[in-house]
Amino acid sequence: MALSRLRNPVISRAPSLLRARLFSSTCRSLPCSSRVLSSFADVEGTLSRTTSVPIFGRLHGHSSKMKSRIGVRYFSSADPLQTVVGMPALSPTMSQGNIAKWRKKEGDKINVGDVLCDIETDKATLEFESLEEGFLAKILVPEGSKDVPVGQSIAITVEDPDDIKNVSIPAGSGAEVKEETSEKSIGNEEKKQQTSSLKTNTAELPPHFVLGMPALSPTMSQGNIAKWRKQEGDKIEVGDVLCEIETDKATLEFESLEEGFLAKILVPDGSKDVAVGQPIAVTVEDPNDIESVKTSFSGDRMLQEDKPVQHDPTPKTKAQNTSFSRISPSAKLLIVEHGLDASSIPASGPRGTILKGDVLAAIKSGIGSSKISSSKEKQTPSPQVKSQTGSPGLSGLKSTLPQADAYEDLPNSQIRKVIATRLLESKQSTPHLYLSSDVILDPLLSFRKELKENFDVKVSVNDIVIKVVAMALRNVPEANAYWDVKKGEALFSDAVDISIAVATDKGLMTPIIRNADQKSISAISLEVKELAERARAGKLKPNEFQGGTFSISNLGMFPVDHFCAIINPPQAGILAVGRGNQVVEPVVGADGIEKPGVVTKMSLTLSADHRVFDGHVGGAFLAALRSNFSDIRRLLL
């Protein structure tokens, strides 16, 4: 199946992944906004000067302004010249970030344009580049560190390699605390030795490249590996598809822009929720290096999997042996079904509640199984004692055990997860205004029949509705707007781009008819058919479903008379279209006398963002809709 193609082999080269450039320089004359601080102190006859150095994070392809953060460069006749690099603000809303990976190690040479590290922000994973030469003397915040506040010191650089061993950690930088915390999280000295030996082995490997999970859309934080097109050992040419990745928008092909060989697949087919930046494969340039790289990375994964089994279960069981106070219903069923001892299962829920995930983790690690088996042997003649010594609320669950197999867990696609999240955010953060009106459908049906009989043009009711809505938006430009959260005001759109809701197996997609007000009904009909087919096949390109100024959701093909749709942010309106129903109502004849007649009516419900739409704008828009439906031929003008 041909999917829409993303021509980016790795996260470091993906244009959809915004790149952040960090550079620092000594400022001799800075504006007041830079908060230049300088101080001179004579300590034991040594003149010491501290000068603030502005460090900027720049987002390429992003409309937001650059955010400046302060790095401090130390000058002294006794101490080496060093620059403290702080965590930059790489997005307007960023207050903290995660160090996903350090690209440079302590002691490495830094050239202009070199990537220092990958920083995971609240928007995407960005590369942190340098525009100055130097050497990385000290890493203050290690890989994998979470929630590092903006401005906190993360590294120290020097200009002379001889100064690396003489760098001094500034007071209050928090490096000592960070080092102690990282050592405790590792566990003991054995783990340190294993990790250091592993890094040494990796450094001694032949030239290789680790491919990370790329961010294929602005909102993507994780993805699924749908299928690997290349297998281990295969030759990779420029343009070859490595794998298919299911994102929060669609399934995209992951192409290579470099030649090489696929040495090791780290994340197999069908893997779910792979975090952006997580390594998924390793490539090499020489086919003779495949086996050595493959063996080394296999040992790396085995070592990481063995660590939690050796050190984690015992202390957790002892620390949380009897700390639970509640058990969720799904956890109760699993505990009874697998015969576990609830008192030995660590509770991670609020107020000491044992959750389903706690029980599944206990089953996987074997916690509680041996204890409950021994208790069964001891308490076989007295089942009443067994029910009393168990966890609270477990009695009486045996009658519900047959119902455990009465349901099936269906895995949620990445698209459906994002849809659920955004719909919830829309209802919680967008003030919905609902306006309804009935329109007479007979002129539209007659016009559609005339097109088919006289001009052999086949269009659907939905195609004509799109044109009617587009013309109404052009007539009432106040309705063709959206709410800008940053500015706190409504912004009007020049183009009329209509998003059409299309149901697919993976979830609801909204392909866009661009400039619908300028297109004929037949052109709209052809474009809707093409986009709908590609949406159901998962072949839509990002520019074909991202954006839009207004949405239409049509359930007229189902027995749905009327309904209220949820706004698709950042849009400010969506029109819900019901089915047509024949009703009897007074009709004015040619003689001016009212007579009962049968007409076909269709219900329209507008869901509007009340920050953009008030009653006047919503009423004017519905009035324009009714006028267009009553005289369909005006659409041809």
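Residues numbered from 1 in each chain as written. Predicted model: local features only at pLDDT ≥ 70, side-chain atom pairs only at ≥ 80, totals over all residues. Heavy atoms only, no water.

Bringing the overall build of the protein chain into the picture now. On a plain count of helices and strands, the protein chain comes out with 13 helices and 33 strands. Long-range contacts, defined as pairs at least 24 residues apart, comprise 64% of the intrachain contacts of the protein chain with a sequence gap of at least 6. In the structure as shown, the protein chain presents an accessible area of about 33700 Å², 52% of it carried by carbon and sulfur atoms. (Helix = DSSP H or I, 4+ residues; strand = E, 2+ residues; numbered from the N terminus. Contact = heavy atoms within 4.5 Å. Areas by Shrake-Rupley, 256 points an atom, 1.4 Å probe, with all protein chains shown as cover.)

The relative placement of two aromatic rings is captured by the distance of their centres and the angle of their planes. Throughout the structure, instances matching the rule amount to one aromatic pair. An angle of 50° between the planes, with centres 5.4 Å apart, marks the rings of phenylalanine 550 and phenylalanine 621 as tilted. Highlighted residues: phenylalanine 550 in strand β31 (residues 550–554) and phenylalanine 621 in helix α13 (residues 615–630), separated in sequence by 71 residues. A relative accessible area of 0% means that phenylalanine 621 is categorised as buried. Seen from the ring of phenylalanine 135, lysine 109 lies directly overhead, with NZ or CZ sitting 5.4 Å from the centre. Looking at lysine 235, its charged tip hangs above the ring of phenylalanine 261, at a distance of 5.3 Å from the centre. (Phe/Tyr/Trp six-rings, centres within 6.5 Å; stacked < 30°, edge-to-face > 60°. Buried < 20%, exposed > 50% of the residue type's maximum accessible area, 1.4 Å probe, protein only. Lys NZ or Arg CZ within 6 Å of the ring centre and 35° of its normal.)

What follows concerns the packing of helix α5 (residues 329–338) against helix α6 (residues 356–365). It is at 8 Å that the axes of α5 and α6 come closest, and there the two elements cross at 25°. Considering their axes alone, α5 and α6 lie roughly parallel with respect to each other. Within the contact between the two elements, α5 uses Ser330, Ala331, Leu334, Ile335 and His338 and α6 uses Lys356, Val359, Leu360 and Ile363. (Axes fitted to C-alpha atoms, helices over the stretch in contact; angles between N-to-C directions. Parallel < 35°, antiparallel > 145°, perpendicular 65-115°, else oblique.)

Take the confidence of the model for the protein chain next. Predicted coordinates in regions of low pLDDT should not be interpreted in detail. For the protein chain, per-residue confidence averages 74 on the pLDDT scale, and residues scoring 70 or more make up 70% of the total. A low-confidence stretch, residues 174–200 (pLDDT under 50), is modelled with 19 contacts involving residues beyond four sequence positions or located in other chains. Throughout residues 299–322 the model reports pLDDT below 50, and contacts reaching past four residues in sequence, or to other chains, amount to 23 contacts. (pLDDT = per-residue confidence, 0-100.)

Quick look at the sheet that holds β31 now. What the six strands build is an open sheet, ordered β24-β33-β32-β31-β27-β30; its pairing is mixed. Where the open sheet ends on each side, the last strands, each with one partner, are β24 (432–440) and β30 (512–513). Sheet analysis places strand β32 (residues 573–588) next to strand β33 (residues 594–609), joined by 14 bridges and oriented antiparallel. Within β33, the residue paired with alanine 576 across the bridge is threonine 605. Sitting on the sheet, α13 is in contact with β24, β31, β32 and β33, with an inclination near 20° to β24. (Pairing = 2+ DSSP bridges.)

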